[in-house]
Amino acid sequence: MTQAEIPATTLGLLPGDTQAVPVSLVTTGSWAKVEAGLEPAQRSFARAIGFKPKAGGLALLPGPDGSLARVLFGLGDPEAASHDRLLVGKLPGLLPEGVFRLDDAPEPTEAALAWLMGSYRFGRYRSGGGSQARLVAPAGIDAAEVERIAAAVAMGRDLVNTPANDLGPAEIEAAARTLGARHGASVTVTQGEALATEYPLIHAVGAASPRAPRLIDLTWGPADAPRVTLVGKGVAFDTGGLDIKPSAAMLLMKKDMGGAAAALAAADMVMGARLRLRLRLLIPAVENAVSGNAFRPGDVLPSRAGLSVEIGNTDAEGRLILADALALADADSPELILDFSTLTGAARVALGPDLPAFFTEDDALAEAVAQAGRAAIDPVWRMPLHAPYASLLDSKVADLNNVSGGPFAGAITAALFLRRFAPNTKAHGHFDLYGWNPSTKPGRPEGGEVQTARLTYTLLKTRYGG
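As the structure is a computational prediction, the values presented were derived from the model and not from experiment.

Calculation notes
Residues numbered from 1 in each chain as written. Predicted model: local features only at pLDDT ≥ 70, side-chain atom pairs only at ≥ 80, totals over all residues. Heavy atoms only, no water. UniProt positions renumbered as here; feature names shortened; annotations may be inferred. Helix = DSSP H or I, 4+ residues; strand = E, 2+ residues; numbered from the N terminus. Buried < 20%, exposed > 50% of the residue type's maximum accessible area, 1.4 Å probe, protein only. Contact = heavy atoms within 4.5 Å. Pairing = 2+ DSSP bridges. Axes fitted to C-alpha atoms, helices over the stretch in contact; angles between N-to-C directions. Phe/Tyr/Trp six-rings, centres within 6.5 Å; stacked < 30°, edge-to-face > 60°. Expected span 1.5 Å × (residues − 1). Domains from an automatic or database assignment. Buried area = accessible area lost by both parts, 1.4 Å probe. Salt bridge = Lys/Arg side-chain N within 4 Å of Asp/Glu carboxyl O. Polar contact = N/O pair within 3.5 Å; in protein donor to acceptor, adjacent residues only side chain to side chain. Nonpolar A, V, L, I, M, F, W, Y, C, P; charged D, E, K, R; others polar.

Right, let's get into the UniProt feature "domain: Cytosol aminopeptidase" (unreviewed entry) in the chain. The UniProt record annotates "domain: Cytosol aminopeptidase" (unreviewed entry) at residues 313–320. Its end C-alpha atoms 11 Å apart, residues 313–320 is made of 38% helix and 0% strand.

So, in structure tokens, the structure goes:
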């Protein structure tokens, strides 16, 4: 598979002068005014079916000839703490085939992005895509920007949703090369003996698979611009290695490259917007498989940073491959390192599937990330890098173990492990994400998700302009 073979799954916005059915976005506060402005027959129809402006409420209003003339869609109370700012993303799954325009959208840019994100369908393995509702670009928005963001999200979702038989380390490399070619970036790849020598942890984790491990290194932007490095965990499939997962825990392991997909999506947005920075994207791409040459519990492995690592559990492989990539990133002295990974079940227990954990020692970065998450509707929650817990990673035979010695603080100890490999970069943020929507929500269909990608783009756009 090449990235070009993945079908386009996000529809673009139509020109503003396209004839379209109006969709009135109605809040609890605006409903009386909207209702008064309806045609008498439409007003009677809306009352007859009991339409209320509650969140997600829908009414399809007919015209005199019986055709669809107007849509009413409830937003509820936008000031409520529980209000979903992506609620408009529910409409593509509710409306019939046709062309629509949004009336009275409180935030038209958010509404248009939500619509496009909600239009996503992963159709690679299904015959026939079917027709969908299309949206006219709301007046006054940067339609090209919205389309770029939605397309990057769709690309990342496609990668996560593609099963491992069609997406391994080579295909992750192909996706990075396709992205690099589109934006004029350079891409180099290290594998084979050079990988074993320069990145021994990446090599050890991927050695058991017939699909060769590799480190993908993409660079873009002027050499004298501020340097930002994104690092994404690219485990194409995770059996758990010799500490093999039970079958139920293995079912979704095609998504264990969700960190790489998020980093690729963020990089796509950054390069598409031509932000004023020197971007580096590092993806250690492996398959954690089982064979006679698989790394074992109790093995002691060298790392690029010079630290020796005792293997307490082969199913904690993501932090191993990230460690070598982070050591490379740290040596380049960037202004900012952000790493993305589907790393620990402990983070999901603490925060659930929708809220990635974020770790950093830099308070200013933490606040900027929180603000960017709110602005992009891509939230995270800061968790503590509690330094005393680092002793839980002590080893009697090596510099450190790859897992803690007990059941506590799994997400924190994983973050502390990674921190050991980028000690010189103060502005280092670690995202521990799920990479998957367990159920469909507005703008977020069930399946692969590039959590924190839009946050990252918003953060970098704020810092480095467009």
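Having seen it, we continue.
Attention shifts here to the side chain of Thr452. If you trace the backbone, Thr452 turns up in the loop between strand E19 (447–448) and helix H14 (453–464). Taking the relative accessible area as the measure of exposure, Thr452 reaches 0% and is therefore buried. Not counting the four nearest positions on each side in its chain, Thr452 is found in contact with Ala262, Phe340, Pro356, Asp378, Val380, Phe431 and Leu433.

What follows deals with the sheet that holds strand E3 (residues 68–76). Pairing in this open sheet of five strands is mixed, and the strands run E2-E3-E1-E4-E5 from one edge to the other. Here the strands that pair on one side only, and so sit at the sheet edges, are strand E2 (58–62) and strand E5 (133–135). Strand-to-strand, the axes of this sheet are offset by a mean angle of 30°, without reference to chain direction. The pairing of strand E1 (residues 21–27) with E3 spans five bridges and is parallel. When the sheet's bridge partners are listed, Leu25 is paired in E3 with Phe73. Together, E2 and E3 form the strand contacts of helix H2 (residues 40–48), whose direction differs from that of E2 by roughly 145°. Strands strand E4 (98–103) and E5 of the sheet are contacted by helix H3 (residues 108–118), whose axis makes an angle of about 150° with E5.

Following the criterion strictly, the structure yields six aromatic pairs and no others. With a centroid separation of 6.3 Å and 45° between ring planes, the pair formed by Phe100 and Trp115 is classed as tilted. Remark: Trp115 occurs in helix H3 and Phe100 occurs in strand E4; sequence separation between them is 15 residues. The two residues Phe100 and Trp115 agree in class, both being buried. Ring pairing ties together the aromatic residues Phe340, Phe358 and Phe431, which thus form one cluster.

Under the 1.5 Å per step criterion, the end-to-end length of helix H5 (residues 169–183) is 21 Å for 15 residues, consistent within 8% with the ideal 21 Å. Restricting attention to buried positions, one finds in H5 the residues Pro169, Glu171, Ile172, Glu173, Ala174, Ala175, Ala176, Leu179, Gly180 and His183. Turning to H5, the residues buried within the fold contact helix H4 (143–161), strand E6 (186–191), strand E7 (214–220), strand E9 (234–238), helix H9 (258–272) and strand E10 (278–288). At the C-terminal side of H5, Gly184 shows a positive phi close to 75°.

With domains assigned, the chain is organised as domain 1 (21–141) and domain 2 (149–465). The centre of domain 1, based on its C-alpha atoms, is set 37 Å off from the matching centre of domain 2. Between domain 1 and domain 2, the contact holds 16 residues from the first and 17 residues from the second. The three residues of domain 1 that bury the most area against domain 2 are Leu86, Met117 and Tyr120, which together make up 42% of that side's buried surface. Applying the counting criterion to the domain 1 and domain 2 interface returns two salt bridges. Between Arg124 and Asp166 there is a salt bridge whose closest N-O contact spans 3.9 Å. One can count seven residue pairs in polar contact (both at pLDDT 80 or more) joining domain 1 with domain 2. Looking at side-chain class alone, the side of domain 1 that touches domain 2 contains nine nonpolar, two polar and five charged residues.

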